[in-house]
Every structure is written in C-alpha cells, then in structure tokens.
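Each chain, written out:
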Amino acid sequence: MFISPSYFLSLFKQETGYTFVDYLTVLRIEKAKEMLLTSDMTITQIADNTGFNNSNYFSRIFKKITG
C-alpha cells in the first residue's frame, strides 16, 4: 500500500473508531463467544485458540468487552 505503519494505524482509527489492537481484540472475543456457544472446549482451550496466552487475561478482557 506504500504507506507507513503509523499512518495506516491513524487512518484505521479514523475510519473504524478503534485502534487496530482494540479492533483485533473485539474480533477475537467475538470468535470466542461463538466457540463458547458451539463447542465443548474449555475456557483455556478457547483462550489459546483465539490468541490469548493467559486464560485469566482472556477472562478479564472477555468480561470487559461483553459485560
């Protein structure tokens, strides 16, 4: 795209209202919600499968985003 990473991040936030990291986190939590409803995996397995290395951190972020 021939733009700097910082300019991309600035444009991304301007267009979406989210920072890139926050947007990815929301996507990961949405995928985790789907997995919780449709699989029999444990929370630790779902956290691992959605890119969270720590299930305690995953739980905190999940609660923060979903209420």
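Note that the structure is a prediction, hence the values are computed from the model and not measured.

The rules behind these values
- Residues numbered from 1 in each chain as written.
- Predicted model: local features only at pLDDT ≥ 70, side-chain atom pairs only at ≥ 80, totals over all residues.
- Heavy atoms only, no water.
- Helix = DSSP H or I, 4+ residues; strand = E, 2+ residues; numbered from the N terminus.
- Expected span 1.5 Å × (residues − 1).
- Buried < 20%, exposed > 50% of the residue type's maximum accessible area, 1.4 Å probe, protein only.
- Arc of directions from axis to C-beta.
- Core = buried A, V, L, I, M, F, W, Y, C linked by side-chain atoms within 4.5 Å.
- Contact = heavy atoms within 4.5 Å.
- Phe/Tyr/Trp six-rings, centres within 6.5 Å; stacked < 30°, edge-to-face > 60°.

**Q** Give a description of helix α4 (residues 55-66) that names residues and reports values.
**A** Relative to the 16 Å expected for 12 residues at 1.5 Å per residue, α4 spans 16 Å between its end C-alpha atoms, a close match to the ideal helical length. For α4, the set of buried residues is Phe-58, Ile-61 and Phe-62. What you see down the axis of α4 is that its buried residues fit within an arc of 105°, all on one side. Along α4, the residues that are exposed and aim more than 90 degrees away from the buried face are Asn-56, Arg-60, Lys-63 and Lys-64. Looking one or two residues past α4, Gly-67 carries a phi angle of roughly 85°, positive in sign.

**Q** Would you mind going over the nonpolar core in detail, with residue names and values included?
**A** Judged by nonpolar contacts, Ile-29, Ala-32, Met-35, Ile-46, Ala-47, Phe-52, Phe-58, Ile-61 and Phe-62 together constitute the single largest core of 9 residues. For this core, the elements supplying multiple residues, two or more each, are α2 (20-38), α3 (43-49) and α4. Contacts of Phe-58, omitting those with residues within four sequence positions, involve Ile-29, Ala-32, Ile-43, Ile-46, Ala-47, Thr-50 and Phe-52.

**Q** Which residues make up the packing of aromatic side chains, and what are the values?
**A** Aromatic ring pairs: the centre-centre distance and the angle between the two ring planes describe each pair. All chains considered together, the criterion is met by 8 aromatic pairs. Here the aromatic rings of Phe-8 and Phe-12 are separated by 5.9 Å at their centres, their planes lie at 45°, and the arrangement is tilted. Linking Phe-8 with Phe-12, this pair stays in helix α1 (residues 5-16), spanning 4 residues, or about one helical turn. Take Phe-8: its relative accessible area is 30%, and that puts it in the partly exposed class.

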